[in-house]
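Here are the chains, one letter per residue:
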Amino acid sequence: MKIIISGASGFVGHELTAAFRAEGHQVLRLVRSRESSSADTIPWDPTSAQVDAPALERADAVINLNGASIAGARWTPTRRATLRTSRVDSTRFLVDSLRQLEHKPSVFLSSSAVGYYGSRGDEILTEANGPGDDFLSLLARDWEMEANRAATFSIRTAILRFGVILASEGGALPRMVRPFRFGLGGRLGNGRQWLPWITMNDVVRIVKFILADPKISGPVNLVAPAPVQNAEFARVVGKILRRPAIVPVPAFALRLALGEMADSLLLASQRAYPEKLLRAGYSFQFGEIESALRIVLKS
């Protein structure tokens, strides 16, 4: 296959690129025009609406993983604009570019997040649930709307709603477990919020699964079938690392340090369930949190 990936140097993109190339696929990375170019790159600049359009022709699949880090900085008005531009505007330009191709890809995968649902307590969230109404939810909603336009010109389109991806390097997990290594770990807030998680191994396998199954389209929850509450997650991490998990972090302290990010990223409760994947016959490699963390944390 000829696979084009935006955000290929990011957390998920790096793993997908390596996995696809190991199977003999041709992977072309969409890179900003100012970055170094090579035979496996396609220059583009969404902010100035520039792309090497001929290089997009005859791709079998396009995977859109573009977006500035949600947790990279406090959500000031400037940062909010960056988060929106890097997702919504970039996706709009990419989809517009695909629409103009003579030979369009057969499938388009575009990333999103379970933050789409907002904080919903103990409600079980499938792909049929609508969005929340906080900043992160509305950002994801608009991001998905731009991606879904690809389906209007006969490109099978799937939206990847990622949960918290567990990996030994990169992503949120190393920062989540660092306090435990110093004996300072514990629940966040009241600890009752649900954590939708998935391992990087399953992320790569699921993306391949979706590419291979022409019946899968629309939103897909990329989460393990057994989410855990934050207090249970803390208990399991402490058990695996043989460290205490008895130092709670009050919600007010998180809000003081992080502002709105605390409520959307650390205190939000999303009991997301991978209904569409399970109905399609996907079998998770890691569906239970303790076994997953033991592998990821190499304990």
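Everything that follows concerns the structure shown earlier in this document.
Residues numbered from 1 in each chain as written. Predicted model: local features only at pLDDT ≥ 70, side-chain atom pairs only at ≥ 80, totals over all residues. Heavy atoms only, no water.

(A) Representation of the overall build of the chain. When its secondary structure is counted, the chain shows 11 helices and 14 strands. Against the globule reference of 19 Å for 299 residues, the chain gives a C-alpha radius of gyration of 19 Å, in line with a compact fold. Along the first, second and third principal axes, the C-alpha set of the chain runs to 60 × 40 × 40 Å. Taking all 299 residues of the chain together, 51% fall into the buried category. The long-range fraction of contacts in the chain, counting pairs at least 24 apart against all pairs at least 6 apart in sequence, stands at 77%. A total of about 13400 Å² of accessible surface is found on the chain, and carbon and sulfur atoms cover 53% of it. Charged side chains in the chain number 37 positive and 28 negative. The centres of these two groups are separated by 5 Å. (Helix = DSSP H or I, 4+ residues; strand = E, 2+ residues; numbered from the N terminus. Rg over C-alpha atoms; globule rule 2.2 N^0.38 Å. Buried < 20%, exposed > 50% of the residue type's maximum accessible area, 1.4 Å probe, protein only. Contact = heavy atoms within 4.5 Å. Areas by Shrake-Rupley, 256 points an atom, 1.4 Å probe, with all protein chains shown as cover. Lys, Arg positive; Asp, Glu negative; His and termini not counted. Charge placed at Lys NZ, Arg CZ, Asp CG, Glu CD.)

(B) Structural detail: the pattern of salt bridges. Applying the stated criterion to the full structure yields 20 salt bridges. Between Asp96 and Arg99 there is a salt bridge; the shortest N-O distance is 3.3 Å. Taken together, the residues Asp96 and Arg99, both in helix H3 (residues 77-99) and 3 residues apart, mark about one turn of the helix. Note that Arg161 is salt-bridged to Glu144, the shortest N-O span being 2.8 Å. (Salt bridge = Lys/Arg side-chain N within 4 Å of Asp/Glu carboxyl O.)

(C) Inspection of the sheet that holds strand S4 (residues 50-51) at higher detail. Taken in spatial order, the 8 strands line up as S4-S3-S2-S1-S5-S6-S8-S12 in an open sheet, and their pairing is mixed. Every other strand in the sheet has two partners, leaving S4 and strand S12 (218-222) as the edge strands with one partner each. Of the pairings in the sheet, the one linking strand S1 (residues 2-6) to strand S5 (residues 61-64) comprises 4 bridges and is parallel in character. For Ile3, the partnering residue across the bridge sits in S5 and is Ala61. Strands S5, strand S6 (107-113), strand S8 (156-162) and S12 of the sheet are contacted by helix H6 (residues 200-212), whose axis makes an angle of about 165° with S8. (Pairing = 2+ DSSP bridges. Axes fitted to C-alpha atoms, helices over the stretch in contact; angles between N-to-C directions.)

(D) Representation of the environment of Arg99 within the structure. On the basis of relative accessible area, Arg99 is assigned to the partly exposed category, the value being 42%. Those residues in contact with Arg99, other than ones at most four positions away along the chain, are Lys104, Arg149 and Phe153.

(E) Seen up close, helix H5 (residues 173-181). Within the sequence span of H5, burial applies to Leu173, Val177 and Phe180. The buried residues of H5 all sit within an arc of 30° when viewed along its axis, so they share a single face. Considering only its buried residues, H5 is in contact with strand S9 (164-166), helix H7 (230-241) and helix H11 (289-296). Phi for Gly183, located one or two positions after H5, is positive at around 75°. (Arc of directions from axis to C-beta.)

(F) Expanded view of the layout of surface pockets. Its volume calculated, the second largest pocket comes out at about 220 Å³. For the second largest pocket, the lining is made up of 13 residues, of which Leu166, Ala167, Ser168, Met200 and Asn201 are closest to its centre. Elements with a contribution of two residues or more to the lining of the second largest pocket: helix H1 (11-22), H6 and H11. Per-class residue counts for the lining of the second largest pocket are 7 nonpolar, 3 polar and 3 charged. (1 Å grid on protein atoms, 1.4 Å probe; cavity = no way out; pocket = protein on both sides within 12 Å on 5 of 7 lines; lining within 4 Å. Points joined across faces, edges and corners; volume = space filled by probe spheres on them. Nonpolar A, V, L, I, M, F, W, Y, C, P; charged D, E, K, R; others polar.)

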